[in-house]
Amino acid sequence: MDKYIFDESNGLWYELIGDYYFPCLTVPAEEEQPVGIWGQRHLRYIKEYRKARYASLLLDGRLNSYLADIDQQAQERLDTIIEQMALSQGITEALKAADQMAWVKRMNNIRSGAAEVVNIEIIYT
């Protein structure tokens, strides 16, 4: 028996493993892109709660680019929200120079609030 056979009716190659022929299926190659913290959070979310979406992206070879895009969107949204909230609350470089601890407290508060907004709007949807 041949190790590999080609079926012209469906265009697939088959490999002999033991007594059975199994189709030689591969996932399309995908360009490696860095995925940050937001993309990793979204990956955990879709793996656990959106399994069909995860499987579809994985089998289409688009998972890494999708996660990199989510990561970029989330980071841009976070930066925008932080900037807008700091401006609306009057947190300036003058405050930073005058009272560093007050500035750090207020910026940490803004950052955690902005992270919650990003989680709700982008990551867990």
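Quick caveat, the model's predicted, so the values are computed rather than measured.

Next up on the list: the overall build of the protein. Scanning the protein for helices and strands turns up five helices and three strands. The helix and strand sequence of the protein, counted from the amino end, reads β-β-β-α-α-α-α-α. Taken over C-alpha atoms, the radius of gyration comes to 24 Å for the protein, far larger than the 14 Å a tight globule of 125 residues would show. The C-alpha extent of the protein, read off along each of the three principal axes, is 80 × 25 × 25 Å. Per-residue burial for the protein yields a buried fraction of 26% across its 125 residues. A separation of at least 24 residues holds for 56% of the contacts in the protein among residues at least 6 apart in sequence. Each charge class in the protein can be summarised by its mean position, and for the 13 positive and 19 negative side chains these summaries are 12 Å apart.

Let us look at the packing of aromatic side chains. Throughout the structure, instances matching the rule amount to three aromatic pairs. Measuring from ring centre to ring centre gives 5.1 Å for Phe6 and Trp13, while their planes differ by 50°; the resulting arrangement is tilted. In this structure Phe6 comes out as partly exposed when scored by relative accessible area, which is 40%. Under the relative-accessibility criterion, Trp13 is labelled partly exposed at 46%. Above the ring of Trp38, the side-chain terminus of Arg41 is found at 4.8 Å from the ring centroid. A cation sits over an aromatic face here: Lys96 above Trp103, 4.6 Å from the ring centre.

Reading guide: rules and limits
Residues numbered from 1 in each chain as written. Predicted model: local features only at pLDDT ≥ 70, side-chain atom pairs only at ≥ 80, totals over all residues. Heavy atoms only, no water. Helix = DSSP H or I, 4+ residues; strand = E, 2+ residues; numbered from the N terminus. Rg over C-alpha atoms; globule rule 2.2 N^0.38 Å. Buried < 20%, exposed > 50% of the residue type's maximum accessible area, 1.4 Å probe, protein only. Contact = heavy atoms within 4.5 Å. Lys, Arg positive; Asp, Glu negative; His and termini not counted. Charge placed at Lys NZ, Arg CZ, Asp CG, Glu CD. Phe/Tyr/Trp six-rings, centres within 6.5 Å; stacked < 30°, edge-to-face > 60°. Lys NZ or Arg CZ within 6 Å of the ring centre and 35° of its normal.

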